[in-house]
Amino acid sequence: MASADEAAATGVFMQIFNTIATWRSHAAHLSPRGPRVFVPTMGALHAGHGALVAQARKLAGTDGHVVVSIFVNPTQFGPHEDFARYPRTLADDVALCERCGCDFIFTPAATEMYPPGQTQLSINPGYMGDILEGAIRPGHFSGVCTVVLKLLAIVQPTHLILGQKDYQQQAILRCMVRDFNLPVSVVTAPTVREADGLAMSSRNRYLTEPQRAAAPVIYQTLAWAAAEIRNTNSDAAQLSAAMRQRINAAGLETQYALAADCISLAELRGSLHPPCVLLAAAKNGNTRLIDNMLIE
Ligand code: AMP
């Protein structure tokens, strides 16, 4: 019979930890041979998350370990956002993680991460945290950076896997890892989409039938704009206006739709050419949808 360590490394079974102390005492006995690959999530997992976990398994190999965190982080939600009603589907999440090759799930209570009465320092992501999503969701990226820094200190992975779906998030977290010299390699995994192009998201389940039918317009608009940039010398302002118009025409309310620098996320002006990233956010009823497309 395999030891706990060997069994976990070969995906024979998966273990779940709720406290930092129990995870740490277990992690102290893990073989340091292979990579420790970490996928932070807020749960309500779908095939997009599954692809990240599967990629983590591949990277970890049979010697390494895959750790997934499931934690709905209160500090990244604004006072009028969906923290309370954010979907919580732990039993399904555990099953998906196990199917995709996860070894360890870390799923702490909020009081474990943020002990009541304890001072909580936070990360200020600066300019990149104030634009785009940050302009609409003040404080969001401070909460994201703070919880990911805490999770990195707890899990101590060699690799951190993030989804391209949240382009600004991965760009800011890459800066945090670089600026604070964190000993972890960041891997950005491609966006997994539904058959009609809609980027998979835990929030898609909020959409009514007509809203779901209209939702692929964001992807279609990004694909159209990407072709424009590749084929012609599109003007940034005109392209942005045309993207907004296309998304709004489908009944959504565009919040931003623009071309930006791939690293700094600064909005581009004048004539557009690769490389750049197209970023869009729109309200579909009460549900915010975001998507992006890299033009390399
Ligand atoms: P979440 O729990 O939804 O905030 O996301 C956890 C991780 O999964 C983040 O790195 C996301 O960027 C990533 N992710 C979310 N949706 C997708 C998707 N459709 N395809 C790939 N990665 C995704």
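Right above here is the structure, for reference.
Here we summarise the structure given alongside this text. (Residues numbered from 1 in each chain as written. Predicted model: local features only at pLDDT ≥ 70, side-chain atom pairs only at ≥ 80, totals over all residues. Heavy atoms only, no water.)

### Structural notes on the site of the ligand
Here is the rule we go by: One heavy atom suffices: a residue is near a molecule or strand as soon as one of its heavy atoms comes within 4 Å of it. For this analysis, a polar contact is any N or O atom pair within 3.5 Å, provided that within protein one partner can donate a hydrogen and the other can accept it, and provided that sequence-adjacent residues contribute only side-chain to side-chain pairs. For the area figures, the Shrake-Rupley method with a 1.4 Å probe applies, and any residue is considered shielded solely by the protein chains shown. Numbering of helices and strands runs from the N terminus, with a helix taken as a DSSP run of H or I at least four residues long and a strand as a DSSP run of E at least two residues long. Residue type decides the class: Asp, Glu, Lys and Arg count as charged, Ala, Val, Leu, Ile, Met, Phe, Trp, Tyr, Cys and Pro as nonpolar, and the leftover types, Gly among them, as polar.
As a matter of local geometry, the ligand sits amid 16 residues, with Met 42, Gly 163, Asp 166, Val 192 and Met 200 nearest to it. In this structure, His 49 approaches the ligand through a side-chain N or O atom, which is 3.0 Å from an oxygen atom. Here Asp 166 contributes a side-chain N or O atom positioned 2.7 Å from an oxygen atom of the ligand. Against a free-state accessible area of 480 Å², the protein chains account for coverage of 93% of the ligand. Elements with a contribution of two residues or more to the shell around the ligand: strand 2 (36-41), helix 3 (47-60) and strand 5 (159-163). No other element matches the three residues that helix 3 contributes to the shell around the ligand. Of the residues that constitute the shell around the ligand, the class distribution is seven nonpolar, seven polar and two charged.

### Overview of unusual backbone geometry
Rule in force here: Each residue's exposure class comes from its accessible area (1.4 Å probe, protein chains only) as a fraction of the maximum for that residue type: buried when under 20%, exposed when over 50%, partly exposed otherwise.
Of note, the amide linkage connecting Pro 274 to Pro 275 takes the cis form, showing an omega dihedral of -5 degrees. With respect to the secondary-structure elements, Pro 275 resides in the loop between strand 7 (253-260) and strand 8 (276-284). The backbone of Asn 181 shows a phi angle near 50 degrees, a positive value even though the residue is not glycine. With respect to the element layout, Asn 181 can be found in the loop between helix 9 (167-179) and strand 6 (185-189). Taking relative accessible area as the criterion, Asn 181 reaches 65% and is therefore assigned exposed.

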